[in-house]
Amino acid sequence: MARPLEPNRRRSLSDPLAAALMPPPNESAADRERRLTAESEAKRVSDGIDEMLRAEKKEKKTKPEIKILLLGQSESGKSTTLKQFQLMHATAAFHADRIAWRAVIYLNLVRSIRRILDAVSPESDQLDEAEEIASTSPIFSLRGSSAVSTTRVPKYPQYRRALEPLKELEERLIRMLSSPDEDEPTHTTPAKPDWNLHANGNFGQVPVGKNGRPAPFITIPSTRVSASPLSPLSPSTSLPSPGGSSNSSSKSKNAEVSVHHTSNWKKAFSLGNRIKSPKSAHTNEIEGWWDDPNDPVHVLNACTQPMLALWKDPSVKQRLREKQIRLEESGGFFLDEISRITALRYFPSDQDVLRARLKTMGVVEHSFAIPDGQRRVMTWKIYDVGGAQNQRHAWAPYFEDVNAIIFLAPISAFDQVLVEDPAVNRLEDSLLLWQSVVSNKLLSHVSIILFLNKVDLLQAKLKSGVRLSHHMPHYGDRPNDYENVSKYFLHKFEGIHGKLSSNRDRQFKIHLTSVTDTRRTATIIQNVRDIIITANLKNIHLI
């Protein structure tokens, strides 16, 4: 039978922690002295840590830090929004990085050209005919008009021959943007790239990473991507865009070029020592990348006229329309700037950098020193987190102490599907993501700014005759113009927040945006900054 507890029993006899802290029995005077000295030292260290924590807390009140998450699906405009913050609040650094984007812009252009060649090739027509036979199944019967047409591109063989060097150039650029030392595609090459090192002759060797496993690198799928839409929800573009646009088949979901967030890929493409001293003591002409015979600009420059002819060819334009391929809507679209981009001394503009597309894996953090309107400088940390389905698990750890979320929803994507899952409509995916964010209790006190993005593409799409009701039947017979469609989307997202939000009293604003538009976006970012600063000052009881 268990003995009942003694009512007046001392705590030190029943508390294991107190018992552990009691002096050992038969402790000598010397042992006691050493124990007390050790306890005193431990208390001193503990008090020092407490003091550091108090000082850090006090510093946060006097010099607060604001943390912002950029959320949204892949290709929603998160990275472009981050670039706009850089352009506004770290202008010198942004301009210093512009030259590093030259290789990315080249790659975007080359991939667009190769997409066109694949789309207008005779082989693609044969594949279309086979798919048309299969279109008797229910999923294909909803697509609408047939993708098969009698239109042919008479000069296709000449275009293919003249632009053949772009195939090797594409592979070289991809190699330059990947590294054998990382488990993710990245770029850590020297400050002066050795373009010849990545020539076709060196492709046979498989690099090995530090962990002994074959290092990852980016390749172009050897099988040609289907040129027909695979989903009735997405008749807009059948081939993946240079930046990995929607409406691609599952074969192409890994085709997008990406770099890991830990890489310093810009360093390899920066000016470095490539523009430095005059060519000789007798001239002031400087030496630049245009003097390097292995620089990709020479291949591009030699292919300028065939690229221009291909893009301007009426039969090519007609074939793309028949296949419902709209490259203009994809990230990294430079086909209207071929002559300027391929010039030997081409230097990227601010707008070029904003439009360039390079997918970044992981979470990218940027810090900015931004004044709060009261002559104080606040540190802003902005996190650009990957938006693909397999990267969204990385969002949750950043929810804990975030001050604000900028959520981007590309409303022009109502007729497109996810690259990683062609069965999912992109706008439906954005709505589901929006629901999960606004209803999350961890974010109940977080300010939320919603960017209904890519309104410029939405306007162009509606003007071209694409009807929203064909993809979202609930829209009904309302006018298919920008004013009514944008108002519909605004009310839809706003209604979800009003119905599901874990805190309807939080700071919440909606903006219709085109984040590649610098002037308009600068005004919106200014408003966003004021909203976030005001909310933060209220939270720390300074106003």
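None of these values were measured; they are calculated from a predicted model.

Calculation notes
Sequence order as written defines residue numbering, which begins from 1 separately in each chain. Predicted model: local features are reported for residues with pLDDT of at least 70 only, side-chain atom pairs are reported and counted for 80 or more only, and whole-chain, interface and lining totals are derived from all residues. Hydrogens and water molecules were not included; the side-chain quantities draw on all heavy atoms of the structure. Here a Phe, Tyr or Trp ring, Trp counted by its six-membered ring, pairs with any other such ring whose centre lies within 6.5 Å, and the pair is stacked when the planes are under 30 degrees apart, edge-to-face when over 60, and tilted otherwise. Helix numbers and strand numbers start at the N terminus; a helix is a DSSP run of H or I with at least 4 residues, a strand a run of E with at least 2. Each residue's exposure class comes from its accessible area (1.4 Å probe, protein chains only) as a fraction of the maximum for that residue type: buried when under 20%, exposed when over 50%, partly exposed otherwise. Two conditions define a charge located above a ring, namely a distance within 6 Å from the ring centre to NZ of Lys or CZ of Arg, and an angle within 35 degrees of the ring normal. A pair of strands is labelled paired if DSSP reports no fewer than 2 bridges between them. For helices, the fitted line uses only the C-alpha atoms of the stretch in contact; every axis is such a line through C-alpha atoms, and the angle between N-to-C directions lies from 0 to 180 degrees. Only heavy atoms matter for contacts: two residues are in contact if any of them lie within 4.5 Å across the pair. Grid points spaced at 1 Å over the protein atoms alone were grouped into cavities, where a 1.4 Å probe fits but cannot get out, and pockets, open sets with protein on both sides within 12 Å along at least five of seven lines, with lining residues defined by an atom within 4 Å of a point. Grid points are joined across faces, edges and corners, and a volume is the space filled by probe spheres set on the points. Working rule for angles: under 35 degrees goes down as roughly parallel, over 145 as roughly antiparallel, 65 to 115 as roughly perpendicular, anything else as oblique.

## Side note on the packing of aromatic side chains
Aromatic ring pairs are described here by two measures, namely the spacing of the ring centres and the angle between the planes.
Step number 1: All told, the structure shown has 9 aromatic pairs when counted by the stated rule.
Step number 2: Pairing F85 with F368 gives two aromatic rings, centres 6.3 Å apart and planes at 35 degrees, and the pair type is tilted. Taken together, the residues F85 in helix α4 (residues 78-89) and F368 in strand β4 (residues 363-371) connect sequence positions 283 residues apart.
Step number 3: Take F368: its relative accessible area is 4%, and that puts it in the buried class.
Step number 4: On the basis of an interplanar angle of 80 degrees and a centroid distance of 5.0 Å, the ring pair of Y475 and Y488 is categorised as edge-to-face. Of the two residues, Y475 is situated in the loop between α18 (455-463) and α19 (482-500) and Y488 in helix α19; the sequence distance between them amounts to 13 residues.
Step number 5: Ring-pair connections join several aromatic residues into one group, and the members of that group are F407, W434, F493 and F508.
Step number 6: We note K317 situated over the ring of W311; from NZ or CZ to the ring centre the distance is 3.6 Å.

## Considering the sheet that holds strand β5 (residues 377-385)
Step number 1: Spatially, the 6 strands line up as an open sheet ordered β4-β5-β1-β6-β7-β8, and their pairing is mixed. Each end of this open sheet is capped by a strand with a single partner; those strands are β4 and β8 (508-512). Taken over all neighbouring pairs, the strand axes of this sheet differ in orientation by 20 degrees on average, direction set aside.
Step number 2: Inspection of the sheet shows strand β1 (residues 65-71) paired to β5 by 6 bridges, in the parallel sense. In the strand pairing of β5, K67 is matched with K381.
Step number 3: Seen against the sheet, α4 touches β1, β4, β5, β6 (404-410) and β7 (447-453) and runs at an angle of roughly 30 degrees to β4.

## Overview of empty space enclosed by the protein
Step number 1: All told, the structure shown has 4 cavities of 30 Å³ or more when counted by the stated rule.
Step number 2: The space that makes up the largest cavity amounts to roughly 60 Å³.
Step number 3: Around the largest cavity, the lining is made up of 10 residues, and of these E329, Q416, R426, K454 and L457 lie nearest the centre.

## Here we look at the packing of helix α13 (residues 304-312) against helix α14 (residues 314-322)
Step number 1: Running from N to C, α13 and α14 point in directions that differ by 55 degrees, and their axes come no closer than 5 Å. The orientation of α13 with respect to α14, classified from their angle, is oblique. Along the contact surface, α13 presents L310, W311 and K312, while α14 presents P314, V316, K317 and L320.

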